[in-house]
Amino acid sequence: MQQFDVLIIGAGHAGAQAAIALRQQGFGGSIGLLGEEPELPYERPPLSKDFLAGDKDFERMLIRPQGFWDERAVTMLPDHRVDRVDPSRHVACCIEGTEIGYGSLVWAAGGAARRLSCPGADLKGQHVVRTHADVVALKAELANANRVVIVGGGYIGLETAAVLAKKGLHVTILEAMPRLLARVAGPQISDFYAEQHRTAGVDVRTGAMVAALEGANGRISAVMLATGERVPADLVVVGIGIVPEVAPLLQAGAESASCGGVMVDAFCRTSLADIYAIGDLAAHANEFAGGVVIRLESVQNANDMATVVAKGVTGAPAPYRAVPWFWSNQYDLRLQTVGLSLGYDATVLRGSPAAGSFSLVYLRKGKVVALDCVNSVRDYVQGKVLIERGAEPDPAALADISLPLKSLLPL
Ligand code: FAD
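Residues numbered from 1 in each chain as written. Predicted model: local features only at pLDDT ≥ 70, side-chain atom pairs only at ≥ 80, totals over all residues. Heavy atoms only, no water.

Take the layout of surface pockets next. Approximately 240 Å³ is the volume found for the second largest pocket. As for the second largest pocket, its lining consists of 14 residues, of which Lys49, Ala53, Val163, Lys166 and Tyr331 are closest to the centre. Mapped onto the lining of the second largest pocket, the elements with two or more residues apiece are helix 2 (50-53), helix 5 (155-166), strand 21 (325-330) and strand 22 (333-339). No other element matches the three residues that helix 5 contributes to the lining of the second largest pocket. The class makeup of the residues in the lining of the second largest pocket is five nonpolar, two polar and seven charged. (1 Å grid on protein atoms, 1.4 Å probe; cavity = no way out; pocket = protein on both sides within 12 Å on 5 of 7 lines; lining within 4 Å. Points joined across faces, edges and corners; volume = space filled by probe spheres on them. Helix = DSSP H or I, 4+ residues; strand = E, 2+ residues; numbered from the N terminus. Nonpolar A, V, L, I, M, F, W, Y, C, P; charged D, E, K, R; others polar.)

Here it is as structure tokens:
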């Protein structure tokens, strides 16, 4: 049986970064980086942006080239899927029956794209955007498509819509909530992006519930809405979130969380001895969310949790305490988000959405808790410091773009 001092399950952002951080921390033990996908670890954000657009080659998305992993003696185990963990024997079991022993286990298996479960969900022509293989399959079908329906008006759906609209396809976005980005951004941001997409020719429909997919000869031909309306479609792209990949850990007895995922403490330790969990699936009490237990699906969270684990394994534990940040590119707009707007009770608009450069500042009990900055890098950088320092600026001063945000810092 193969045996590693640290076995990492999931060779995505968090898993790859955990291996990198372990070596950076001087860890000299053996490291296995096991993942279900055949590729070397790669960055997912370009999948719905420049890779989908055809502006970036896959090789440029690799987190590190093969030589990097060889030099650092990280053993790559691609094409392996773990479906069981035995914490008492310190063994991970793969679906084909292979057992691999570990000293410490880092569970970094991310999540699978959630799919539709309505009638017709098995028809061909339905795509998700989570893996390299997903987007290769989507791109292969685009050549023969004219009408694309995107189910889900979150970041991945909107980025995909932007790329496909620029390619000249007829794109419809169906969002079940009353507005786009409803779970993550304030109404001003939702309205701004709805307007941008409509200007680009996208048919944006909110409050639109999918009831069924219709097809002919086994292929999708339309999306049927709960209202009975049919939206013709050659292709459907579903962007409705992920299902965290945690079943083996929960079956092994790890504590779960109501937001999905597996519960970890401030050091990314699960309730099982010598098992850590990081990345999209790690539910944790986040101090920037006022202590509420959440999962964060972002590169920042994956990378920072990886460092927390590396420090823990190498005997220099430091708790997870990173200001969350995220970005989204649509058309020529770069949205940068910092902090968490969860539970905000007021917003202040800085700048002009009409001019295409502005920020929305979120406040909770007078304190700045988050900013959404559209083409406004300076606000993003300076706003992060306001959040870190717990600033409570005067809302009128926040709205005044002649005052840089850093001038509003508490003395
Ligand atoms: P992943 O990167 O998903 O890696 C998990 C890996 O584990 C996968 O390779 C999976 O195949 C493997 N795996 C799963 N189950 C098993 C198993 N049982 N056994 C073995 N291997 C398994 N974030 C941003 O901050 N900014 C962005 O602009 C942005 N854009 C995005 C665009 C797209 C299209 C997507 C999909 C994500 C985007 N994200 C973005 C989110 C970001 O990519 C994720 O938060 C990040 O990849 C999470 O890292 P992870 O390691 O937790 O999971």
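Turning our attention to the site of the ligand. Inspection of the region around the ligand gives 33 residues, with Glu37, Arg44, Lys49, Arg130 and Asp280 positioned closest. At 2.6 Å, a side-chain N or O of Asp280 approaches an oxygen atom of the ligand. A total of 1,000 Å² of accessible area belongs to the ligand in isolation, and the protein chains cover 97% of it. Of all the secondary structure elements, the ones that give two or more residues to the shell around the ligand are helix 1 (13-24), helix 8 (299-313) and strand 21. (Near = heavy atom within 4 Å. Polar contact = N/O pair within 3.5 Å; in protein donor to acceptor, adjacent residues only side chain to side chain. Areas by Shrake-Rupley, 256 points an atom, 1.4 Å probe, with all protein chains shown as cover.)

Right, let's get into unusual backbone geometry. When glycine is set aside, most residues are seen to have a negative phi, and most peptide bonds are trans. Unlike most non-glycine residues, Asp79 shows phi in positive territory, near 60°. Summarising the element assignment, Asp79 is placed in the loop between strand 3 (74-77) and strand 4 (82-86). You will see that Asn375, though not glycine, has its phi angle at about 45°, which is positive. Tracing the sequence through the fold places Asn375 in the loop between strand 25 (367-374) and helix 9 (377-388).

This brings us to the pattern of salt bridges. All told, the structure shown has 18 salt bridges when counted by the stated rule. For Glu245, the salt bridge identified is with Arg81, shortest N-O distance 3.1 Å. With a gap of 164 residues between them, Glu245 in the loop between strand 16 (242-244) and helix 7 (247-251) and Arg81 in the loop between strand 3 and strand 4 connect regions that are remote in the sequence. Given the relative accessible area of 29%, Arg81 is considered partly exposed. Note that Lys384 is salt-bridged to Glu388, the shortest N-O span being 3.6 Å. (Salt bridge = Lys/Arg side-chain N within 4 Å of Asp/Glu carboxyl O. Buried < 20%, exposed > 50% of the residue type's maximum accessible area, 1.4 Å probe, protein only.)

Before going further, it helps to examine the sheet that holds strand 13 (residues 219-225). Read across the open sheet, the three strands follow the order 12-13-14; overall the sheet is antiparallel. In this open sheet, the two edge strands, each paired with only one partner strand, are strand 12 (210-216) and strand 14 (230-232). In this sheet, adjacent strand axes meet at a mean angle of 30° when their direction is disregarded. (Pairing = 2+ DSSP bridges. Axes fitted to C-alpha atoms, helices over the stretch in contact; angles between N-to-C directions.)

Another point: the nonpolar core. Residues Leu7, Ile8, Trp69, Trp107 and Ile278 are the most contacted members of the largest nonpolar core, which totals 76 residues. When sequence neighbours within four positions are dropped, the list of residues in contact with Trp107 reads Ile9, Val82, Val85, Glu245, Val246, Pro248, Leu249, Tyr276, Ala277, Ile278 and Leu281. Ranked by size, the runner-up nonpolar core spans 41 residues in total, among them Met61, Leu164, Val171 and Leu235. (Core = buried A, V, L, I, M, F, W, Y, C linked by side-chain atoms within 4.5 Å. Contact = heavy atoms within 4.5 Å.)

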